[in-house]
Amino acid sequence: MAWLGDSRAVIGREDRKGGKLRAVQLTRDHNCDDMVEAARIRRHGGKVQQYYYSGRFVGPKRIWLKEPMQRTPGLMVSRSIGDEVAHSVGCIADPEMLESDLCHRDKVIIMASDGVWDGISNQKAVDIAWACSTAAEASRAVVDAALEGLRHHGLADNVTAAVIFLPGPATPKPTLSPGKSLQSL
């Protein structure tokens, strides 16, 4: 698997007792909170800080040009494709790569944009996906839950998810009791 930016991949792995799926994050978010990523930006002449608004710093750390009063790029990811301004100060398009063998306990993979992970936790995404019958249904349910989570916190973002159910020995999926919704998982 190769990735860059702040999209994330998570796997749902069955615990050793054969019960609940546990979320295991497969990727590392490339953003300015990561000390290695921030150091590279600074070495290339960029500035890493939060947005300064109305006399105070707000929001997540971002990449900025060093010129005074410069409002661009203000990019939150430390790796991206095609941002020439941010690339001039150390934002790179080099992906990280992971090679890992799957095991019989690995049941579901969720790959999603940062908006999903800002709206719901890794574990909640796995729980929601695993309660669904198809990958398409699971993708929609994860997106819907993330949108609800974002709205609850007064946030908005792009939200995209792809779910893959892995083949293997049948594992009983949870069933929803009457009156229980996927979002209540």
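That block above? That's the structure.
In this text the structure is predicted, and so the values were computed from the model without any measurement.

Describing the overall build of the chain
Reasoning step 1: Within the chain one finds 5 helices and 9 strands.
Reasoning step 2: Ordered by position from N to C terminus, the α and β elements of the chain give β-β-β-α-β-β-β-α-β-β-α-α-α-β.
Reasoning step 3: Looking at the chain as a whole, 41% of its 185 residues qualify as buried.
Reasoning step 4: Carbon and sulfur atoms make up 55% of the accessible area of the chain, which totals about 10,600 Å².

As for helix H1 (residues 35-43)
Counting along an α-helix, one turn takes 3.6 residues, and residues three or four places apart therefore face a common direction.
Reasoning step 1: Buried within H1 we find Glu37, Ala38, Arg40 and Ile41. Projected down its long axis, H1 carries its buried residues within an arc of 160°, all on one side. Set apart from the buried face of H1 by more than 90 degrees, the exposed residues are Met35, Val36 and Arg43.
Reasoning step 2: Two residues or fewer past H1, glycine 45 is found with a positive phi of approximately 90°.

Overview of the pattern of salt bridges
Opposite charge on two side chains permits them to pair, given that their charged atoms come into close proximity.
Reasoning step 1: Scanning the model with the defined rule gives 9 salt bridges in all.
Reasoning step 2: For arginine 13, the salt bridge goes to aspartate 106, with nearest N and O atoms at 2.5 Å. One end of the pair, arginine 13, is in strand E2 (residues 8-14); the other, aspartate 106, is in strand E8 (residues 106-112), and 93 residues separate them in sequence.
Reasoning step 3: For arginine 13, a relative accessible area of 22% translates into the label partly exposed.
Reasoning step 4: Here arginine 28 makes a salt bridge to glutamate 37, at a shortest N to O gap of 3.3 Å.
Reasoning step 5: Among the residues examined, glutamate 37 registers a relative accessible area of 0% and is labelled buried.

Regarding the packing of aromatic side chains
Reasoning step 1: Summed over all chains, the structure comprises 4 aromatic pairs.
Reasoning step 2: Members of the aromatic cluster, connected to one another through ring pairs, are Tyr51, Tyr53 and Trp64.

Thoughts on helix H4 (residues 122-130)
Reasoning step 1: With 7 of 9 residues buried, H4 lies mostly within the body of the structure.
Reasoning step 2: Taken together, the buried positions of H4 are occupied by Asn122, Ala125, Val126, Asp127, Ile128, Ala129 and Trp130.
Reasoning step 3: Of the surrounding secondary structure, the elements contacted by the buried residues of H4 are E2, strand E3 (21-25), E8, helix H3 (114-119), helix H5 (135-152) and strand E9 (161-165).

What to know about the pairing of E8
Reasoning step 1: Of all 7 residues that make up E8, 6 are buried, and the element is covered over most of its length.
Reasoning step 2: Taken together, the 6 bridges between E2 and E8 define a ladder with antiparallel strand orientation. Paired with isoleucine 11 across the two strands is isoleucine 109, which belongs to E8.
Reasoning step 3: Where E8 meets E9, 5 bridges bridge the pair, whose relative direction is antiparallel.

What to know about the side chain of aspartate 34
Reasoning step 1: Note that aspartate 34 resides in the loop between E3 and H1.
Reasoning step 2: With a relative accessible area of 18%, aspartate 34 lands in the buried category.
Reasoning step 3: In this structure the side chain of aspartate 34 is engaged in a polar contact, spanning 2.9 Å, whose partner is the backbone nitrogen of valine 36.
Reasoning step 4: One polar contact links the side chain of aspartate 34 to the main-chain amide nitrogen of glutamate 37, over a distance of 3.0 Å.

Brief notes about the pairing of strand E5 (residues 56-65)
Reasoning step 1: Direction of pairing for strand E4 (residues 46-53) relative to E5: antiparallel, over a ladder of 7 bridges. Paired with tyrosine 53 across the strands is arginine 56, a residue of E5.
Reasoning step 2: From the end of E4 to the start of E5, which pair antiparallel, there are 2 residues, and serine 54 there has a positive phi angle of about 50°.

Describing the nonpolar core
When a protein is soluble and globular, its nonpolar side chains tend to lie buried together.
Reasoning step 1: Counting residues in hydrophobic clusters, the biggest one holds 24 residues, and the most contacted among them are Val108, Ile110, Val116, Trp117, Ile120, Ala129 and Val142.
Reasoning step 2: Residue assignment for this core shows that the elements contributing at least two residues are E8, H3, H4, H5 and E9.
Reasoning step 3: The dominant element in this core, judged by the number of residues it contributes, is H5, at 7 residues.
Reasoning step 4: When neighbours within four sequence positions are excluded, valine 116 is seen to be in contact with Val142, Ala146, Val159, Thr160 and Ala161.

The rules behind the values
Residues numbered from 1 in each chain as written. Predicted model: local features only at pLDDT ≥ 70, side-chain atom pairs only at ≥ 80, totals over all residues. Heavy atoms only, no water. Helix = DSSP H or I, 4+ residues; strand = E, 2+ residues; numbered from the N terminus. Buried < 20%, exposed > 50% of the residue type's maximum accessible area, 1.4 Å probe, protein only. Areas by Shrake-Rupley, 256 points an atom, 1.4 Å probe, with all protein chains shown as cover. Arc of directions from axis to C-beta. Salt bridge = Lys/Arg side-chain N within 4 Å of Asp/Glu carboxyl O. Phe/Tyr/Trp six-rings, centres within 6.5 Å; stacked < 30°, edge-to-face > 60°. Contact = heavy atoms within 4.5 Å. Pairing = 2+ DSSP bridges. Polar contact = N/O pair within 3.5 Å; in protein donor to acceptor, adjacent residues only side chain to side chain. Core = buried A, V, L, I, M, F, W, Y, C linked by side-chain atoms within 4.5 Å.

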